[in-house]
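Remarks on the overall topology
Now for the letters of each chain:
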Amino acid sequence: MIDIYEAEFRKADLNLLVVFAALMRERSVTRAAAALHLSQGAVSAALGRLRRLFGDELFTRTRTGVEPTPHAVDLARRIEPALGLIHGAVTAPDSFDPATARHTFTLGMSDDIEATLLPRLLSATAGLPGIRIAVRQAHRNTVAGMLDHGEITLGVAAEPAHGTDHRGHALFTSGYSVLFNPRLLPLTAPLGLDDYLAHPHLLVSYDGRRGIVDDLLEERGLNRRVIVSTTHFAGAALQLATLPALATLPTHAAVVYAETLGLAVAEPPLPMPRFTVSTIWHSSVTDDPAHVWLRSLVSEHGAP
């Protein structure tokens, strides 16, 4: 049996912890209030009580909302799993009805996966007025931490790094394709290595310096001419509307961008690895009815 010291526990109103979790997720008093169906004043008052309870500022104001302090991030690691367990304990297994529920699901994924997955999810939930989907930028090295900090409900990433407290499920496999504007670069398929290296390239990279293509070319004693780099796949695709260059992107995103922007897709002229895109979540919500429904929805509509 758990030994609870009632006098101390009474100070930690569970409703305050729910507000804390919402602030961690939304990074905004206004958005947290909307998600909780409370007034901004009520959320601000709750934040004041949280600050007194934990003896820390917890959230500092920024131009776009609020940012958690290091102490808040540490608290989230412990509070979020605990809230998940409590929610599971007081919720009946079949209690989540997406047709009547009012629920916000925050997904963490990079914009290449978002381009593929989000339109399908929006179409699938169009008839569910109380279901809201929010997306935060994440990649394989950040999704686990964002789950632990309560920033996202579910991560979707290419072979995400994870710990013992996380669970995952494979969605689909993908590879790489070359994207270009056929009106500016009238190339023919199959794309040869000489043509690939003869034209300028647009690089998508988190550090802005090099990507997997550069590593593969270097192994062959070759290099390409990169004229611009960006951290977003969608940004790269948009530039190709007026830029006579090549961009090598994950195939699942390249196909979407090609159809939307009138671009062409070609196989890379060198062997490229394939990878698996998976969902990842914290083990504490594995049996949560709302989370089970979300994972089923993503699994059903996740494959390109």
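Refer to the structure above for everything that follows.
Residues numbered from 1 in each chain as written. Predicted model: local features only at pLDDT ≥ 70, side-chain atom pairs only at ≥ 80, totals over all residues. Heavy atoms only, no water.

Below, the discussion takes up the side chain of serine 177. By secondary structure assignment, the location of serine 177 is in strand β7 (residues 176-180). The exposure class assigned to serine 177 is buried, which follows from its relative accessible area of 4%. Separated by 2.9 Å, the side chains of serine 177 and threonine 251 make a polar contact. Filtering out sequence-adjacent residues up to four positions away, serine 177 remains in contact with Ala247, Thr248, Leu249, Thr251, Ala254, Val265, Ala266 and Pro268. (Helix = DSSP H or I, 4+ residues; strand = E, 2+ residues; numbered from the N terminus. Buried < 20%, exposed > 50% of the residue type's maximum accessible area, 1.4 Å probe, protein only. Polar contact = N/O pair within 3.5 Å; in protein donor to acceptor, adjacent residues only side chain to side chain. Contact = heavy atoms within 4.5 Å.)

Attention now goes to the packing of helix α2 (residues 14-26) against helix α3 (residues 29-36). Helix-helix packing is characterised by the crossing angle of the two axes and by the distance between the axes. One way to put it is that α2 packs onto α3 with a least axis distance of 8 Å and a crossing angle of 125°. The orientation of α2 with respect to α3, classified from their angle, is oblique. For the element pair α2 and α3, the recorded crossing hand is right-handed. On the side of α2, the interface is formed by Val18, Val19, Ala22, Leu23, Arg25 and Glu26, while α3 contributes Val29, Arg31, Ala32, Ala35 and Leu36. Of the residues belonging to the contact of α2 with α3, the class tally is eight nonpolar, no polar and three charged. (Axes fitted to C-alpha atoms, helices over the stretch in contact; angles between N-to-C directions. Parallel < 35°, antiparallel > 145°, perpendicular 65-115°, else oblique. Left-handed = near helix turned anticlockwise from the far one by under 90°. Nonpolar A, V, L, I, M, F, W, Y, C, P; charged D, E, K, R; others polar.)

Ordered in space as β9-β8-β10-β7-β11, the five strands form an open sheet in which the pairing is mixed. Bordering the open sheet on either side are β9 (226-230) and β11 (264-266), each of which pairs with just one other strand. Averaged over neighbouring strand pairs, the angle between their axes works out to 30° when direction is ignored. With four bridges connecting them, β7 and strand β10 (residues 246-250) associate as antiparallel partners. For leucine 179, the partnering residue across the bridge sits in β10 and is alanine 247. (Pairing = 2+ DSSP bridges.)

Quick look at the packing of aromatic side chains now. By the definition in use, this model includes five aromatic pairs. Seen from their ring centres, phenylalanine 105 and tryptophan 293 are 5.7 Å apart, and the 35° between their planes marks the pair as tilted. With phenylalanine 105 in strand β3 (residues 103-109) and tryptophan 293 in helix α12 (residues 289-301), this residue pair connects regions lying 188 residues apart in the sequence. Each member of the pair, phenylalanine 105 together with tryptophan 293, is buried. Members of the aromatic cluster, each reached through a chain of ring pairs, are Phe96, Phe105 and Trp293. Positioned above the aromatic ring of tryptophan 281, the side-chain terminus of arginine 295 is 4.3 Å from the ring centre. (Phe/Tyr/Trp six-rings, centres within 6.5 Å; stacked < 30°, edge-to-face > 60°. Lys NZ or Arg CZ within 6 Å of the ring centre and 35° of its normal.)

Mapping threonine 276 onto the fold places it in strand β12 (residues 275-282). The class for threonine 276 is partly exposed, based on a relative accessible area of 24%. C-alpha of threonine 276 to C-alpha of leucine 184: the two residues are 92 residues apart in sequence and 33 Å apart in space. For threonine 276, the residues in contact, after removing those within four places along its chain, are Ala157, Ala158, Glu159, Ala170, Phe172 and Thr173.

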